[in-house]
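The chain contents come next:
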Amino acid sequence: MGRLNFLHHPYAFIIAFTVILMSMEATTTTADEDRQVYIVYLGSLQKGEFSPMSQHLSVLDEVLEGSSSTDSLVRSYQRSFNGFAARLTEKEREKLANKEGVVSVFPNRIYKPQTTRSWDFMGLSETHQPKPAFESDVIIGILDTGIWPESQSFSDEGFGPPPKKWKGVCSGGQNFTCNKKIIGARIYNPQDHFDSSVRDFDGHGTHTASIAAGNNVKNVSLFGFAGGKARGGVPSARIAVYKVCFSDGCGGADIMAAFDDAISDGVDIISISLGLDDVVALDQDPIAIGAFHAMAGGILTVQSAGNAGPRVFAVNSVAPWIVTVAASTIDRKIITRVVLGNGTALTGRSFNYHPSNGTMYPLIYGACSAQCLNLTAVKGKILLCDSAWGDEGALKFGAAGTIILDNGETSVVPIPTTTLGVKGLKIAISYFKSTEKPTAKILKTETVKDFSAPVAATFSSRGPNSLIPEIMKPDISAPGVDILAAFSPVPILPNNKSVDYNILSGTSMSCPHVAGVGAYIKSFHPTWSPSAVRSALMTTARPMNESASLHGTLSFGAGHLDPVKAVSPGLVYETSKDDYIQLLCNIGYNTTTVKQISGDNSTCSKGKKSSPKDMNYPTMAVYVKQLRPFRVEFPRTVTNVGPSNSTYKAEVVSGKHPRMKVEANPRTISFKKEMEKKSFVVTVTGKGMTMEKPVESASLVWSDGTHYVRSPIFVYTDMLIDY
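Remember, predicted model here, so these are calculated numbers, not experimental data.

**Topic: the side chain of Ser703**
Stage number 1. Its place among the elements puts Ser703 in strand 35 (residues 695–703).
Stage number 2. Side-chain polar atoms of Ser703 contact the backbone nitrogen of Gly705, separated by 3.0 Å.
Stage number 3. Within the structure, the side chain of Ser703 is placed 3.1 Å from the backbone oxygen of His707, a separation counted as a polar contact.

Take a look at the structure:
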């Protein structure tokens, strides 16, 4: 067969053109496949006549190769701060990052949710005197998985029109209607996502929103557990919902867009129960960026600390302008006991709503993943697992029940189940291995009084702050274990059961408790700054038992939330936008960058830098080198928000055998008028810290006999991650 002479072939041009076109398409496809979404942060909005959108498209046109700016642009932030999200190649990202006027360029990281008797436990009973008329003017922005608007917790019965300051919209998408309680709704679904409604098909957002501001709803429970009245911290407050989470997580670009809108819409408090697994730089964290501009606009942001405990250095919300919330227990404990064949009774946790007929079932122990089980071995037996998973396989293969490891979270499953701590699980496994025909029975769940509460939840992420060691995180603790609140009535069990109210655990649940109290404070003091509200929350927090919570102060910060006392703190530690800019200078940001972030003429002094510890924060923290004597000074200023004529005296509270000495100078401060400021210096000295005992804490308390303004002081040295 002869060789084809391509150049003289009658269709040579068509073939050549087709090859070239295919090559071009392949190149374009490859480039498109290499693109990923990046967030480009440009700082504050410029003053005067200025079109952010035009700037964003122009900047993209200068760096894009093979794509149009309109096709590349994903989101444009132009209401409250300046920036955009776009699909870029690595080369384009690098070119953008080096352009003048760009603060940072970072990936669109995926955040995730961090998943009521609680209010009575904190002292905010239904009989406490709220200010409904003022509460109804407070708007809480919820950035989450959406909301179920038909829930009784969000009925607008008795509500008047939205506050005049509200500038938002109800853009809830398909099958969603706002009311006088839920006054705003926005959705930020990715362009290729099927979900087009603010309606919550997960339940997480509905749960968090009702904790913060749900109505009083009588006679609610979860299958008869934790029965009573469900209510939020500020039942008369309004809710604005920003749906940023979908089945595949919560995109950073969408979170930035929600902050951009929420700030301009006119919310008073932002509650965000989302986080990353790791800490990122402040100028690459959408939540930190959004919260900074919220703070500049007089809005307090409250964020969950994370569920990576009890490991230290695990807290992922570290920005000083955010209130970071840990999770703790309440005095109601939900338990499920298991009785072994030898009569030993072990106490675990779960929501076992199945009636117990007292029957002992054979006990089987082994690998508990669904892939490793078989019908013959499991059916009709109680499955004993040394991991926190096993329910799915047990249900699939007809097990009579499961006994699994307690990982700090509880859930409802359609078969008898309990979770045991490490000690209890070892006892059960030892019994199984030492008995020829081991048996067990799982009893029905019961509710008991927990006299040890509040104790930091095992899952709650611990400090210290890995990014800014001198800013103690978490800031405060609030109820986050077994919290009953509204839920989306979507099937949550294999038997298609759904619930209107559910019990969940996580720092996701503790965060809206603090957001609710922040709104409660704003209803009494509408002109207070975000830092004044934060100070009131922290300095009035109840001290927690350090020995009862693993890692003590590292786990709960200033202590346990006290809503009643937070309304009247006496003194507050105020922090301005300029103070935060100075802190950014202190941790390495330059004048060019802070000018872009601040939107003003802020500069970083070329002289000696101050330390982040000098910022006027309600707590005091410092890292010191091992085995070396230390002397540290913390300058602080308090503002009088109590009676005009008052005198406060300083007292230092420490443990039985303190390894550091704390002094305040002066020891007495007097005020003649409201909003008067007084400064003092706290000096902390010690002989040295060791890795064996790397943490030491104390508290400075200013008191006028009525108010007790407590500031924890925290000194630490090198410690192991699993300390």
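So much for the structure itself; the text now carries on.
**Details of the confidence of the model for the protein chain**
Stage number 1. Looking at the protein chain, the pLDDT average stands at 88 and 88% of residues meet or exceed 70.
Stage number 2. Between residues 116–122, whose pLDDT stays under 50, and residues either more than four places distant or in other chains, the model counts 39 contacts.

**Quick notes on the pattern of salt bridges**
Stage number 1. The tally for this structure, following the rule as stated, stands at 26 salt bridges.
Stage number 2. Linking Glu150 and Arg199 is a salt bridge whose minimum nitrogen-to-oxygen distance equals 2.7 Å. A residue pair is termed long-range when its members are at least 10 positions apart, and Glu150 in the loop between strand 6 (139–144) and strand 7 (182–187) and Arg199 in the loop between strand 7 and helix 7 (204–213) qualify at 49 residues.
Stage number 3. Looking at Arg199, the relative accessible area reads 5%, which means it is buried.
Stage number 4. A salt bridge links Asp406 to Arg349; the shortest N-O distance between them is 3.2 Å. Placement of Asp406 in the loop between strand 21 (401–405) and strand 22 (417–420) and of Arg349 in the loop between strand 18 (345–348) and strand 19 (361–365) is noted, with a sequence separation of 57 residues between them.
Stage number 5. Overall, the relative accessible area of 24% leaves Asp406 in the partly exposed class.

**A look at the environment of Val572**
Stage number 1. With respect to the helices and strands, the residue Val572 is situated in strand 28 (residues 571–572).
Stage number 2. With 37 residues separating them along the chain, Val572 and Ser535 place their C-alpha atoms 5.4 Å apart.
Stage number 3. Beyond its immediate stretch of four places on either side in the chain, Val572 contacts Ala532, Ser535, Ala536, Thr637, Val638, Thr639 and Val641.

**Digging into the nonpolar core**
Stage number 1. The biggest cluster of nonpolar side chains holds 104 residues, and the ones touching the most others in it are Ile255 and Trp321.
Stage number 2. Element by element, the count of residues in this core is highest for helix 8 (residues 252–265), at eight residues.
Stage number 3. When residues no more than four places from it in sequence are discounted, the contact partners of Trp321 are Leu282, Ala288, Ala291, Phe292, Met295, Thr301, Arg534, Tyr580 and Leu584.
Stage number 4. Core analysis: the second largest hydrophobic core is formed by 26 residues, Phe634, Val638, Met660 and Ile669 among them.

**Brief notes about the packing of helix 9 (residues 286–296) against helix 17 (residues 577–586)**
Each pair of packed helices can be described by the angle between their axes along with the distance between the axes.
Stage number 1. Between helix 9 and helix 17, the shortest axis-to-axis distance is 10 Å and the interhelical angle comes to 145 degrees. Together, Phe292, Met295 and Ala296 of helix 9 and Lys577, Tyr580 and Ile581 of helix 17 make up the contact between the two elements.
Stage number 2. Of the residues belonging to the contact of helix 9 with helix 17, the class tally is five nonpolar, no polar and one charged.

**What about the pairing of strand 9 (residues 225–230)?**
Stage number 1. Pairing of strand 8 (residues 217–222) with strand 9, which is carried by three bridges, proceeds in the antiparallel orientation. By the bridge assignment, Leu222 is partnered in strand 9 with Phe225.
Stage number 2. Here strand 8 hands over to strand 9 after two residues, with Phe223 in that stretch at a positive phi of 50 degrees.

**Remarks on the state of the cysteines**
Two cysteines, two sulfur atoms, one covalent bond between them: this is a disulfide.
Stage number 1. Tallied over the full model, the rule gives three disulfides.
Stage number 2. With a sulfur-sulfur separation of 2.1 Å, Cys170 is cross-linked through a disulfide to Cys178. Because the torsion about its S-S bond is 90 degrees, the bridge between Cys170 and Cys178 counts as right-handed.
Stage number 3. A residue is classified by how much of its surface remains accessible, and Cys170, at 39% relative accessible area, is partly exposed.
Stage number 4. Residue Cys245 pairs covalently with Cys250 via a disulfide, S to S 2.0 Å. Taking the sign of the S-S torsion, about 105 degrees here, the bridge from Cys245 to Cys250 comes out right-handed.
Stage number 5. Judged by relative accessible area, which is 0%, Cys250 ranks as buried.

**As for the side chain of Ser151**
Stage number 1. Relative to the helices and strands, Ser151 resides in the loop between strand 6 and strand 7.
Stage number 2. Classification of Ser151 by relative accessible area gives buried; the value is 9%.
Stage number 3. Discounting residues that sit within four places of it in the chain, Ser151 has contacts with Ala486 and Tyr501.

**Some details on helix 4 (residues 90–97)**
Stage number 1. Listed in full, the buried residues belonging to helix 4 are Glu92, Arg93 and Leu96. Around the axis of helix 4, the buried residues are gathered within 100 degrees of arc, so they sit on the same side.
Stage number 2. Against strand 1 (36–43), helix 2 (52–63), strand 3 (82–88) and strand 4 (104–107) lie the buried residues of helix 4.

**Some details on the sheet that holds strand 30 (residues 630–640)**
Stage number 1. Strand order across the open sheet formed by four strands is 28-30-34-32, with antiparallel pairing between neighbours. Strands at the two margins of the open sheet, each flanked by one partner only, are strand 28 and strand 32 (660–665).
Stage number 2. Relative to strand 34 (residues 677–686), strand 30 runs antiparallel, the two sharing 10 bridges. When the bridges of strand 34 are listed, Arg636 appears paired with Phe680.

What counts and how
Residues numbered from 1 in each chain as written. Predicted model: local features only at pLDDT ≥ 70, side-chain atom pairs only at ≥ 80, totals over all residues. Heavy atoms only, no water. Helix = DSSP H or I, 4+ residues; strand = E, 2+ residues; numbered from the N terminus. Polar contact = N/O pair within 3.5 Å; in protein donor to acceptor, adjacent residues only side chain to side chain. pLDDT = per-residue confidence, 0-100. Contact = heavy atoms within 4.5 Å. Salt bridge = Lys/Arg side-chain N within 4 Å of Asp/Glu carboxyl O. Buried < 20%, exposed > 50% of the residue type's maximum accessible area, 1.4 Å probe, protein only. Core = buried A, V, L, I, M, F, W, Y, C linked by side-chain atoms within 4.5 Å. Axes fitted to C-alpha atoms, helices over the stretch in contact; angles between N-to-C directions. Nonpolar A, V, L, I, M, F, W, Y, C, P; charged D, E, K, R; others polar. Pairing = 2+ DSSP bridges. Disulfide = S-S within 2.5 Å. Arc of directions from axis to C-beta.

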